[in-house]
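Listed below are the residues making up each chain.
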2 protein chains.
Amino acid sequence: MPALPTVLDVARVAGVSRQTVSNVLNAPGLVKAETQERVRSAILALGYQPHASARRLRTRRASTLGVRLDETRDGISGALLDRFLHSFTKEADARGLRVLLYVSTDPEDEIAHIRRLNDGADADAFVLTSTEHGDARVAWMTENRVPFVTFGRPWGAEDLHTHPWVDVDGRAGTAAATQHFLDRGIRRIGFLGWPSPSGTGDDRRGGWEDALRGAALDPQPGLVTVAPDDVGAAESAVAAWRERGAEFDALVCASDSLALGAALALSRDRSGPSIPIVGFDNTPVSRALGFSSVEQRTDLVAEAVLELLDGRRAAEDGAPPPHRLIVPELVLRGDV
Amino acid sequence: MPALPTVLDVARVAGVSRQTVSNVLNAPGLVKAETQERVRSAILALGYQPHASARRLRTRRASTLGVRLDETRDGISGALLDRFLHSFTKEADARGLRVLLYVSTDPEDEIAHIRRLNDGADADAFVLTSTEHGDARVAWMTENRVPFVTFGRPWGAEDLHTHPWVDVDGRAGTAAATQHFLDRGIRRIGFLGWPSPSGTGDDRRGGWEDALRGAALDPQPGLVTVAPDDVGAAESAVAAWRERGAEFDALVCASDSLALGAALALSRDRSGPSIPIVGFDNTPVSRALGFSSVEQRTDLVAEAVLELLDGRRAAEDGAPPPHRLIVPELVLRGDV
């Protein structure tokens, strides 16, 4: 039986230093993609087996990122976090990083999970999703110096620099949708949102207001109605709104669930011309039914999260934690 | 600084043997749920830190299960594997197991990923999804004795015992849907499926045929139409089918995408009474629009996969690999 290949063999075949091979295995963020690929090809060609557990024990760096998998949320836009997970796993894999899933029942339970994974060196950094005002997880991670980035801004916090975060600029999304109608000469543009207060919902309504004010139009309360994020509730709300005499020639919605409800209500009401609708989240439903929608670009979110995680590990103490606000994309369909 | 708690401290507090603590950490499948919980509470209370990497190195048992995360599939029923992942992560967590994600571009790339994860002891067993006829992964895993279970049966194989697998009995699902209509006295029951050949699609059509034959009815070709799994295509197909004079009083569909297309086509056609529809996959769309659908019970699939993985590790060589066919559930809604 021939001797097992060593890290030096890999370095020789790839034409790099031993340290570079080690970096590819333990801190791939430090190595250019082409070099990483050359080293990985050499590893595969030689059948070199870096023992992950031994490596981890030595470095306490698992190169593994922990992410909570939420309960499947009902509703049509409920799959956003799943879409993020797909993007994130793909981007992490491209950087030689792994994604470890865990579940939890509440913030305390999540902290217990994170603590165990971190203490055991099973995961060396975390992505927290579904952030909320005064998030207990954020406080604990910060205090215990566990590297993390949140997907979701610190809603309600005075200070946006308490921790590194990435979020999607929903306000810019609904502003772009509204602006699109304005550019087509439509002046009466309605908004279908969620009951206030809602960090995300109020933000999306704000984008509609911004765009109208930018065109010197008044975002009158009569142009707005709200419903919980449910197709049937949205359908009833829009039907009742029309019966009360609401008039609009286009409708911007805070979600695809709301948009589908609106589409069902408006398709029953065949007295006038058809009214174009824009939803939010660019779900399979908006694609299937052919209405426009705002795409959150989870691919860009995933890239930004990984950049911040990488920077976080390298950053000097004392630098303010960075954040990124991703601009969503208006996906137009049909006659809108 | 007090001495760090040891495994003996945990055993004493939990009132179990040292071996039981070790089993909870390394082979939780062997320990009753209540005992596991007692040991875990003691571990948390004492702040005992079993070093995961050290443990792994010793046992080469990561208690970590590798699962490929597929590209997000378009279409309304495309989220089934995401739903399985949620169920699987939850069930794995309840057993003290972890789920590690990876992505791959094709079967060869997936084998390379599995090889690396297995060689490095990063994952000690795998779940393969989206199985196909003559699956290269199955052959490689079997030859290399890497523990695995597939979610998906060996379509087209003569021998159902080549490897352990779990699948959902789609045929039983469409049969139950058809039977439901028969029980209500409906005789003319149509089927909207996918173009043949399709392992899954032909199986679902088979269930509709079974139920009709069981009621001494002829599953005539005129009662069937097909479309690709796309709402618009299904809508056109059903509209054209009706124009050709197709008559049915209820419709069983191979997916919720098809069912939504059918619902749209039939809602335009207001000459007759409304026709009840059953879809497949119990997606948020079927819930939102209120039509019945067949639920695949990914929770039962996840449990069965974990049981087979556990049994697989314990099984004697030579025993035929087991499989489980999960019976789906007909979820009734509206006036059906």
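Residues numbered from 1 in each chain as written. Chains lettered and ligands numbered in written order. Predicted model: local features only at pLDDT ≥ 70, side-chain atom pairs only at ≥ 80, totals over all residues. Heavy atoms only, no water.

J.: Help me understand the overall build of chain A in this model?
T.: What chain A contains, in helices and strands, is 13 helices and 12 strands. Restricting to contacts in chain A with at least 6 residues of sequence separation, those with at least 24 account for 68%. Carbon and sulfur atoms provide 51% of the accessible area of chain A, an area that totals close to 14800 Å². (Helix = DSSP H or I, 4+ residues; strand = E, 2+ residues; numbered from the N terminus. Contact = heavy atoms within 4.5 Å. Areas by Shrake-Rupley, 256 points an atom, 1.4 Å probe, with all protein chains shown as cover.)

J.: I tried to follow the packing of aromatic side chains on my own but got confused; where do I start?
T.: The description of two aromatic rings rests on the distance between their centres and on the angle between their planes. Across all of its chains, the model carries 10 aromatic pairs over all chains by this definition. On the numbers, 6.3 Å between centres and 70° between planes, the contact of Tyr 102 of chain B with Phe 126 of chain B is edge-to-face. Residue Tyr 102 of chain B is found in strand 2 (residues 98-102), and its partner Phe 126 of chain B is found in strand 3 (residues 125-129); the two are separated by 24 residues along the sequence. Seen in terms of ring centroids, Trp 241 of chain B and Phe 248 of chain B are 4.6 Å apart; in terms of plane orientation they differ by 25°. Their pairing is stacked. Taken as a pair, Trp 241 of chain B and Phe 248 of chain B share a single burial class, namely buried. By way of ring pairs, the aromatic residues Phe 84, Phe 88 and Phe 151 of chain A are connected into one cluster. Between Arg 204 of chain A and the ring centre of Phe 280 of chain A, over which it is positioned, the NZ or CZ distance is 3.7 Å. (Phe/Tyr/Trp six-rings, centres within 6.5 Å; stacked < 30°, edge-to-face > 60°. Buried < 20%, exposed > 50% of the residue type's maximum accessible area, 1.4 Å probe, protein only. Lys NZ or Arg CZ within 6 Å of the ring centre and 35° of its normal.)

J.: What exactly am I supposed to notice about the pattern of salt bridges here?
T.: Two side chains that carry opposite charge are able to pair once their charged atoms sit near each other. Residues and elements named next belong to chain A. Applying the stated criterion across every chain, the model contains 38 salt bridges over all chains. Among the ionic pairs, Arg 83 bridges to Glu 295, the shortest N-O distance being 2.5 Å. Of this pair, Arg 83 sits in helix 5 (residues 80-94) while Glu 295 is found in strand 10 (residues 292-295), placing the two residues 212 residues apart along the sequence. Glu 295 carries the same exposure label as Arg 83, and that label is buried. Between Arg 297 and Asp 299 there is a salt bridge, with its nearest N and O atoms 3.0 Å apart. (Salt bridge = Lys/Arg side-chain N within 4 Å of Asp/Glu carboxyl O.)

J.: Looking at this structure, I do not really get the nonpolar core. What am I missing?
T.: In a soluble, globular protein the nonpolar side chains are often hidden away together inside. In this structure, Ile 189 of chain A together with Ile 189 of chain B are the most contacted members of the largest nonpolar core, which totals 85 residues. For this core, the element with the highest residue contribution is helix 11 (residues 256-268) of chain A, accounting for 7 residues. If we ignore the near neighbours within four places in the chain, the residues touching Ile 189 of chain A are Thr 178, Phe 181, Leu 182, Trp 208, Leu 212, Leu 223, Phe 248, Ala 250 and Val 252 of chain A. With 51 residues, the next largest nonpolar core counts Val 67 and Phe 151 of chain A together with Leu 97 and Ile 326 of chain B among its residues. (Core = buried A, V, L, I, M, F, W, Y, C linked by side-chain atoms within 4.5 Å.)

J.: Mind showing me how you'd approach the side chain of Arg 204 of chain B here?
T.: Examined against the element boundaries, Arg 204 of chain B turns out to sit in helix 9 (residues 199-214). Not counting residues within four places of it along the chain, the set of residues in contact with Arg 204 of chain B comprises Gly 170, Thr 174, Phe 191, Trp 194, Ala 254, Phe 280 and Gln 296 of chain B.

J.: Hey, could you run me through the environment of Cys 253 of chain A in this one?
T.: Residues and elements named next belong to chain A. Within the element layout of this structure, Cys 253 appears in strand 8 (residues 250-253). Of the residues examined, Cys 253 reaches a relative accessible area of 1% and is grouped as buried. Considering only alpha carbons, one finds Cys 253 and Arg 204, 49 residues apart in sequence, at a separation of 8.7 Å.

J.: Just checking my understanding: could you explain the packing of helix 8 (residues 170-183) of chain B against helix 9 of chain B for this structure?
T.: All names here are of chain B. Relative to each other, helix 8 and helix 9 sit at 35°, their axes nearing to 7 Å. The chirality of how helix 8 crosses helix 9 is right-handed. Along its contact with helix 8, which presents Gly 170, Arg 171, Thr 174, Ala 175, Thr 178, Gln 179 and Leu 182, the element helix 9 presents Asp 203, Arg 204, Gly 206, Gly 207, Trp 208, Asp 210, Ala 211 and Leu 212. Tallied by class, the residues present in the contact of helix 8 with helix 9 amount to 5 nonpolar, 6 polar and 4 charged. (Axes fitted to C-alpha atoms, helices over the stretch in contact; angles between N-to-C directions. Left-handed = near helix turned anticlockwise from the far one by under 90°. Nonpolar A, V, L, I, M, F, W, Y, C, P; charged D, E, K, R; others polar.)

J.: In this structure, what is going on with the sheet that holds strand 12 (residues 329-331) of chain B? I would like to understand it.
T.: Hydrogen bonds between backbone groups are what pair the strands of a sheet, and the pairing can be parallel or antiparallel. Residues and elements named next belong to chain B. One open sheet accounts for 6 strands, arranged 7-6-8-9-10-12; its pairing is mixed. Sheet topology places strand 7 (224-226) and strand 12 at the edges, where each strand pairs with a single neighbour. Strand-to-strand twist across the sheet, computed as the mean angle between neighbouring axes with direction ignored, equals 20°. As judged from the 3 bridges shared by strand 6 (residues 189-193) and strand 7, these two strands associate in the parallel manner. By the bridge assignment, Leu 192 is partnered in strand 7 with Thr 225. Along the sheet, helix 9 contacts strand 6, strand 7 and strand 9 (277-280); its crossing angle with strand 6, the most-contacted strand, is approximately 170°. (Pairing = 2+ DSSP bridges.)

J.: What is the right way to look at the sheet that holds strand 5 (residues 165-168) of chain A in this model?
T.: The 12 strands lie next to each other as 11(A)-5(A)-4(A)-3(A)-1(A)-2(A)-2(B)-1(B)-3(B)-4(B)-5(B)-11(B), forming an open sheet whose pairing is mixed. Looking at which strands have only one partner, the edges of the open sheet turn out to be strand 11 (323-326) of chain A together with strand 11 (323-326) of chain B. Each strand of the sheet is rotated relative to its neighbour by a mean of 20°, with strand direction disregarded. Sheet topology note: the strand 5 of chain A/strand 11 of chain A ladder contains 4 bridges and is parallel. Note that in strand 11 of chain A the partner of Val 168 of chain A across the bridge is Ile 326 of chain A. Against the sheet, helix 7 (residues 136-143) of chain B contacts strand 1 (64-68), strand 3 and strand 4 (148-151) of chain B, and its axis sits at roughly 160° relative to strand 3 of chain B.

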